[in-house]
Amino acid sequence: MQGIMKLVNHPAGPKTIFFWAPLAKWALVIAGINDLTRPAEKISVPQSVALSATGLIWARYATQIIPVNYNLLSVNIFVAVTGILQISRKFGLIGDIPFLTKATPENTTTSSTKQ
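Residues numbered from 1 in each chain as written. Predicted model: local features only at pLDDT ≥ 70, side-chain atom pairs only at ≥ 80, totals over all residues. Heavy atoms only, no water.

J.: When you look at the overall build of the chain in this model, what are you seeing that I'm missing?
T.: Looking only at helices and strands, one finds four helices and zero strands in the chain. Helices and strands in the chain line up, N terminus first, as α-α-α-α. Counting over 115 residues, the chain shows a buried share of 26%. Long-range pairs, those at least 24 residues apart, make up 66% of the contacts in the chain with a sequence separation of at least 6. Per element, the accessible surface of the chain, about 8,100 Å² overall, is 69% carbon and sulfur. (Helix = DSSP H or I, 4+ residues; strand = E, 2+ residues; numbered from the N terminus. Buried < 20%, exposed > 50% of the residue type's maximum accessible area, 1.4 Å probe, protein only. Contact = heavy atoms within 4.5 Å. Areas by Shrake-Rupley, 256 points an atom, 1.4 Å probe, with all protein chains shown as cover.)

J.: What am I meant to see in the packing of aromatic side chains here?
T.: Aromatic rings considered in pairs are described by the distance between their centres and by the relative angle of their planes. Scanning the entire structure with this criterion turns up three aromatic pairs. Each ring, one from W26 and one from F78, has its centre 5.4 Å from the other, and the planes form 55°; the classification is tilted. Linking W26 in helix α2 (residues 17–35) with F78 in helix α4 (residues 70–90), this pair joins segments that are 52 residues apart in sequence. (Phe/Tyr/Trp six-rings, centres within 6.5 Å; stacked < 30°, edge-to-face > 60°.)

J.: Which parts of the structure should I look at to understand the environment of T37?
T.: For T37, the position within the fold is in the loop between α2 and α3 (45–64). Among the residues examined, T37 registers a relative accessible area of 34% and is labelled partly exposed. A polar contact is formed between the side chain of T37 and the backbone oxygen of N34, at a distance of 2.7 Å. (Polar contact = N/O pair within 3.5 Å; in protein donor to acceptor, adjacent residues only side chain to side chain.)

J.: What should I look at first to understand the packing of α3 against α4 in this one?
T.: Helix packing geometry: the angle between the two helix axes and the distance between the axes. Here α3 crosses α4 at 155°, and the two axes come no closer than 7 Å. Considered as vectors, α3 and α4 are oriented roughly antiparallel to each other. The interaxial crossing formed by α3 with α4 has left-handed handedness. Of the residues contributing to the contact of α3 with α4, the split by class is 15 nonpolar, eight polar and one charged. (Axes fitted to C-alpha atoms, helices over the stretch in contact; angles between N-to-C directions. Parallel < 35°, antiparallel > 145°, perpendicular 65-115°, else oblique. Left-handed = near helix turned anticlockwise from the far one by under 90°. Nonpolar A, V, L, I, M, F, W, Y, C, P; charged D, E, K, R; others polar.)

J.: When you look at the packing of α2 against α4 in this model, what are you seeing that I'm missing?
T.: Here α2 crosses α4 at 20°, and the two axes come no closer than 9 Å. When the axis of α2 is compared with that of α4, the two are roughly parallel. Here α2 runs over α4; the crossing is left-handed. Seen from α2, the contacting residues are F19, P22, L23, K25, W26, L28, V29, G32, I33 and D35; seen from α4, they are N71, L72, S74, V75, N76, F78, V79, T82, Q86 and R89. For the contact of α2 with α4, the residue count by class is 11 nonpolar, six polar and three charged.

J.: So what exactly am I meant to see when it comes to the environment of F19 here?
T.: Following the sequence through the fold, F19 ends up in helix α2. Residue classification places F19 among the partly exposed positions, given a relative accessible area of 25%. It is 8.0 Å that separates the C-alpha atoms of F19 and L72, two residues lying 53 residues apart in sequence.

Below, the structure is given as structure tokens:
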């Protein structure tokens, strides 16, 4: 019980905005991961650059405040990584991510189409 109260009363605990803002920001990470299934030609470069930049800036900020907000740090690292992955896909630095792409007739081969 004392451990739970320590968490609740922490300077970055659930009684403060420092807990809830990063929690809400995880929605950006989920949206970014979901966008990895979109075709690379539909990726918005300005949006991906903005997400990457804000993720990196706020990750740095999270390490400089007292107390260090590890929740804010982790969510912003993930925001930056998803943005960087999207930019990399757009410019062809990495291909489609196999476990995220859906099988379509264009990217599957069968024995009847091989000759």
